[in-house]
Amino acid sequence: MLMRISLLLCLSLVLSFVEPASSYAAKPKTTTSRTKKKKVADEAPASKGPISTDYARMFEYARELLPRPEVKKFLKQVFKDELVISEELQQKYHFPEKETEMAENQFILLLQENPRLWKLLDQYVQEIDSGKEGTAKQEARHKEWRAKFKEVIDDSMLERFKKHNDPTEAVPLVTADGSPAYSNLKLHVDHKRVQDGNTIPPEDLRQIWVDFINGATKEWAMNVYDFDLQVLADAMIAKAKEGIPGRVGIDAKVIEARPEVKAIFEQLKATKNIQAFAVDAVGLNHQKIVTRDWSIPEKASVLLSSGNATQSCVGPEGDMVAFDNRPKESVPNANHMITMDSYVMANLLNHELTKVLDMGLRGNGFPLAGSYRLPGPVKNGKPTSIVITFSPHGAIGNVNNDLIAKLITDSRGPIRMLQFAFSSKGVEDALLERAQADVAAGHEFDFQSVGDTPFAMRDWSTFLSMSGYGLEVDGKSHKYYELKDSPWVKALGKNGIAKLREGIRVAPPYYGTHHWADPSGQDHEVTSKIHHKVLVVPGVEPDHSDGAAILGTSHNFSENALHNNEQLMIIYDGEIAQQAMGMFEGLRVESKRSVVETAERRNSFAGDSDDGAKELQLKPDARAKTIEASVVGRSKAARARKIDDPKSCVEELSAR
C-alpha cells in the first residue's frame, strides 16, 4: 500500500511540474480530447493479474509525460540515488556516466504495478492541462506536493525501484492470462538458405509486404527510410478507399533526393484516410516497421524488415526488373523480414510510430527508451522471448554496448554475422573479450561473417581491424597493411588469427556493382548489397541455451546508427536461431574471398572490379557526392527507360 501511495504522490508531483498542453509543441496531432480518451480507457478490460496489461493506455501516459524536459529532470532528481549504475556494470558495458535518467520502460513498469491510480492520474493531467493560475500559485502547489512526497517515501520503496534499475535488463510486457505475447513468428529471406543439408529457395519479400498491408482490417501504420514500390503504395491506397486508415513515414531527405519516392509520397499524401509524413530525423529516419490492427487483440500483427520498401531492397527481380532476360547479378539486396501476430508488439510499434510520426520527436526529444521483453512459447522445455528497443536513446543510450555487446559476452559457442556496415568499437571490444575468454578456457574462438564488400574494405571497417589490417589512403593511392600492434593477433596467436581471417568474408561475387548490356546494346549498372544486420549465437546464458539472433532490425552495428530512428530486436529462440544460421550459411558457401584476400588483391591490382581502387581514391566528402550524383543520374536513366529506379544508395552516406 505504501508503494502505491508513494507512486501516486510521485506521479502527482510530476504532473504539477508539467506545463499546460497548449504550450507543449510536441503534443500528438491525432490525440482526441482527454475526456474521450478517458472514457475509452475506462471501458478497456481490466487485468486478471496483479499488474495491468492495458499497454495502449500506459504508452499514452509515457508519450504525454516523458518527452517533456521538466518531467525527465524531476524524475532524475527524485530518484537520484536509485538511478546510479554500478561500477561493475559501468566497466563491463562501457557506460559513460554513473547516473541515468528514468527510462521509458521503467516508467511503464511503475504504471503496470499501479493501475488503480490511473483514474486519479487522469484527473491530475486534466487539471494541469486546463490550469490558468499564476506562477505564485503554481509554486505553492509544487511546494505542497514536494512536502507530501517526502513524508511518505521510505527505504523499502527505493530498494524496490532499485531492483529494476539494471540497465541491461528488459522490462517484461506480459499478457493478462499469462499466454505468450506473440505467436506465428516467421523469418522470411530473399536469398537461398541452407538448412539441414537442404536448400530453401528465396522468398518474395515485396509480396509479403503487400500481403501484410492487404491483411489490415481496421488500421495500419508504417515507417521506412526509402519507398519506391508502386505496388505497395497501390495496396495502401486501396485500403484507404475501403475506409481503413493508415499512416506512413518516409525520410524527408530521401523524398527530396529521389523523384520516384517523392511521387509516391505525394500520391499517399493526397489520398483520403492516409496521413503521409516526411520525417525529419536528426540522423536517418531508418526504421523499417509496419503494424496493423493494434486495437484488435485477435488480429494485431507486425512486420519488421532489414530492407527498405524499394525494388532494390526487396523486389525479387533486382535492378533490372523491366527485362525478362535479366542478368544473374540482378538480385535484390540480401535482406530478411520478421512477421508475427502480437497484440502487445503491435501496440508497442504503434506507440513508437506515434512518437516519430504524429508527435514529430527527433534526437534528444526522445526519452531514454530502455528495452522490453515479450515472452514467447516454451519450446523443447526452454523459454523463448523477444527483446526490443528503439533509437535514438535506445536501451540505456548506446544500443551497440547495451544490447549487442551484452548478447556477445553472454553467449557461448560459435558467432555468425551478416552486416551491411560494421564500425562499432563497443561491439568489437565485446567480440575481443569473447575471443580472449575462449582462448583462456582452452577453446577456439569460432567467428564467421559475410559483409557487404565496399563497406567491409573501408578504413573504418571493423571487419578489417578484426583481420589485423588497416587501410592507408593518400591522395590517389591506397594500400592495405598489417597492423603492427593488432589486439586480435595478440589474443589469438598465429594459428588463431589465420582461422579468424579465413572466416571474415566479403559478399558472394554476384553482389556488388556490375555492368550489363541489354539486347539493344545499352549499358546498365546492376547493383546489389549485403544489407542484413544480423548476429547469431547458438548458445546464450543463463536461460536461453538454445540460442538467439538479432533479426528484424534496421540498426547497423555502427556508431552513426545510434543517432538514427532505428529498431533493434533480439529473438531468444533456438529454432529461429538455427534458421538464421541457415540464412548465413546460404551466403557463406558462395562467398569466395576473405577480407584479407580482397585486401591483398586490391594492393596488387589497380582496377578492381568489386568497388576497389577508384572509390578509395576519393576523400569521404567526394565519395558521398559521387554516390549521390550516381543515384540521381541512374534515376533519370531509369525514368527514360520507364522502369523502376535501379538502386538507392543514399543510405550509404550515413551508414557507418
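The following paragraphs examine the structure supplied in this document. Because the structure is a prediction, the values reported are computed rather than measured.

1. Some thoughts on the pairing of strand E11 (residues 372-375)
No. 1: Along E11, the buried face is formed by Tyr372 and Leu374; none of Arg373 and Pro375, which line the opposite face, is buried.
No. 2: With four bridges connecting them, E11 and strand E12 (residues 385-391) associate as antiparallel partners. Across the sheet, the residue bridging to Arg373 is Val387, located in E12.

2. Some points on the packing of helix H17 (residues 425-440) against helix H20 (residues 487-503)
No. 1: It is the contact of H17 with H20, at a shortest axis distance of 10 Å, that shows an interaxial angle of 25°. With respect to each other, H17 and H20 are oriented roughly parallel. Considering only the axes of H17 and H20, their crossing is left-handed. Along the contact surface, H17 presents Glu428, Leu431, Leu432, Ala435, Gln436 and Val439, while H20 presents Pro487, Trp488, Ala491 and Leu492.
No. 2: Tallied by class, residues from the contact of H17 with H20 come to eight nonpolar, one polar and one charged.

3. Regarding the packing of aromatic side chains
No. 1: According to the stated counting rule, one finds 10 aromatic pairs in the structure shown.
No. 2: A ring pair is formed by Phe420 and Phe455, whose centres lie 4.8 Å apart and whose planes are at 50°; its orientation type is tilted. Here Phe420, found in the loop between strand E14 (415-419) and H17, pairs with Phe455, found in helix H18 (residues 453-456); they are 35 residues apart in sequence, far enough to count as distant.
No. 3: We classify Phe455 as buried; its relative accessible area is 3%.

4. Structural notes on helix H10 (residues 205-214)
No. 1: Extensive coverage of H10 is indicated by the burial of seven of its 10 residues.
No. 2: Of the positions making up H10, those classed as buried are Leu205, Arg206, Ile208, Trp209, Val210, Phe212 and Ile213.
No. 3: Measuring from the backbone nitrogen of Arg206 back to the side-chain oxygen at the start of H10 gives 3.2 Å, which picks out Asp204 as the cap.

5. Looking at the nonpolar core
No. 1: By size, the foremost hydrophobic cluster in this structure holds 69 residues, and its most contacted members are Met340, Met345 and Leu551.
No. 2: Counting residues per element, this core draws most heavily on helix H15 (residues 343-358), at eight residues.
No. 3: Counting residues in each nonpolar core, the second largest holds 47 residues, with Val399, Ile404, Leu535 and Leu568 among its members.

6. Some details on unusual backbone geometry
No. 1: For the bond from Ser391 to Pro392, the omega torsion is 0°, close enough to zero to count as cis.
No. 2: If you trace the backbone, Pro392 turns up in the loop between E12 and helix H16 (399-409).
No. 3: Positive phi, normally seen in glycine, also occurs at Asn184, with a value near 55°.
No. 4: Following the sequence through the fold, Asn184 ends up in strand E2 (residues 183-189).

7. As for the side chain of Ser554
No. 1: Looking at where Ser554 falls in the secondary structure, it is placed in the loop between strand E23 (548-550) and strand E24 (566-572).
No. 2: Given the relative accessible area of 0%, Ser554 is considered buried.
No. 3: In this structure the side chain of Ser554 is engaged in a polar contact, spanning 3.0 Å, whose partner is the backbone nitrogen of Gln567.
No. 4: Beyond its immediate sequence surroundings of up to four residues, Ser554 is in contact with His286, Gln287, Lys288, Ser305, Lys533, Glu566 and Gln567.

8. Points about the pairing of strand E10 (residues 336-341)
No. 1: Burial analysis of E10 places five of its six residues in the buried class, the great majority of the element.
No. 2: Here five bridges tie E2 to E10, and the two strands are oriented antiparallel to one another. Following the sheet pairing, Lys186 is matched in E10 by Thr339.

9. Some details on the sheet that holds strand E21 (residues 533-537)
No. 1: With mixed pairing, the nine strands of this open sheet are ordered in space as E1-E11-E12-E24-E23-E21-E14-E15-E18. Unpaired on one side and paired on the other, strand E1 (171-172) and strand E18 (504-506) mark the two borders of the sheet.
No. 2: Bridge count between E12 and E24: seven bridges; the pairing is antiparallel. Paired with Ile386 across the strands is Ile571, a residue of E24.

10. Notes on the packing of H16 against H17
Geometry of a packed helix pair, given as the angle between the helix axes and the separation of the axes.
No. 1: It is at 9 Å that the axes of H16 and H17 come closest, and there the two elements cross at 20°. As judged from the angle between their axes, H16 and H17 are roughly parallel. Where H16 crosses over H17, the two elements pack in a sense that is right-handed. Within the contact between the two elements, H16 uses Asn400, Asn401, Ile404, Ala405, Ile408 and Thr409 and H17 uses Gly426, Val427, Ala430, Leu431, Glu433 and Arg434.
No. 2: Along the lines of polarity and charge, the residues of the contact of H16 with H17 split into six nonpolar, four polar and two charged.

11. Considering the sheet that holds E2
No. 1: If you trace the seven strands from one edge of the open sheet to the other, you get E2-E10-E9-E8-E5-E6-E7, paired in mixed fashion. Looking at strand neighbours, the two that pair on one side only are E2 and strand E7 (274-279), the edges of this open sheet. Averaged over all neighbouring strand pairs, the angle between strand axes comes to 10°, with direction disregarded.
No. 2: Where strand E5 (residues 220-224) meets strand E6 (residues 246-251), five bridges bridge the pair, whose relative direction is parallel. Along E6, the bridge assignment pairs Met222 with Val248.

12. Things to note about the pattern of salt bridges
No. 1: Scanning the model with the defined rule gives 22 salt bridges in all.
No. 2: A salt bridge links Asp358 to Arg247; its shortest N-O distance comes to 2.8 Å. Placement of the pair is Asp358 in helix H15 and Arg247 in strand E6, with a sequence separation of 111 residues. With respect to burial, Asp358 and Arg247 carry one shared label: buried.
No. 3: Between Glu585 and Arg588 there is a salt bridge; the shortest N-O distance is 2.6 Å. Residue Glu585 and its partner Arg588 are located together in helix H21 (residues 574-588), separated by three residues, close to a single helical turn.
No. 4: By relative accessible area, which is 23% here, Glu585 ends up partly exposed.
No. 5: Put simply, Glu104, Glu352 and Lys355 are held in one network by salt bridges that share partners.

13. With respect to the environment of Asn184
No. 1: A relative accessible area of 45% means that Asn184 is categorised as partly exposed.
No. 2: When neighbours within four sequence positions are excluded, Asn184 is seen to be in contact with Thr339, Met340 and Asp341.
No. 3: Of note is the side chain of Asn184, whose polar atom sits 3.4 Å from the side chain of Asp341.

14. Some thoughts on H17
For an α-helix the count is 3.6 residues per turn, leaving residues at separations of three or four pointing the same way.
No. 1: Over its 16 residues, H17 runs 22 Å from end to end, which matches the ideal 22 Å to within 8%, given 1.5 Å per residue.
No. 2: Listed as buried for H17 are Gly426, Val427, Glu428, Ala430, Leu431, Leu432, Arg434, Ala435 and Asp438.
No. 3: Where the residues of H17 are buried, they touch H16, strand E13 (411-412), E14, strand E15 (447-451), helix H19 (462-466) and H20.
No. 4: At the exit of H17 stands Gly442, carrying a positive phi of roughly 80°.

Parameters at a glance
- Residues numbered from 1 in each chain as written.
- Predicted model: local features only at pLDDT ≥ 70, side-chain atom pairs only at ≥ 80, totals over all residues.
- Heavy atoms only, no water.
- Buried < 20%, exposed > 50% of the residue type's maximum accessible area, 1.4 Å probe, protein only.
- Helix = DSSP H or I, 4+ residues; strand = E, 2+ residues; numbered from the N terminus.
- Pairing = 2+ DSSP bridges.
- Axes fitted to C-alpha atoms, helices over the stretch in contact; angles between N-to-C directions.
- Parallel < 35°, antiparallel > 145°, perpendicular 65-115°, else oblique.
- Left-handed = near helix turned anticlockwise from the far one by under 90°.
- Contact = heavy atoms within 4.5 Å.
- Nonpolar A, V, L, I, M, F, W, Y, C, P; charged D, E, K, R; others polar.
- Phe/Tyr/Trp six-rings, centres within 6.5 Å; stacked < 30°, edge-to-face > 60°.
- Polar contact = N/O pair within 3.5 Å; in protein donor to acceptor, adjacent residues only side chain to side chain.
- Core = buried A, V, L, I, M, F, W, Y, C linked by side-chain atoms within 4.5 Å.
- Salt bridge = Lys/Arg side-chain N within 4 Å of Asp/Glu carboxyl O.
- Expected span 1.5 Å × (residues − 1).

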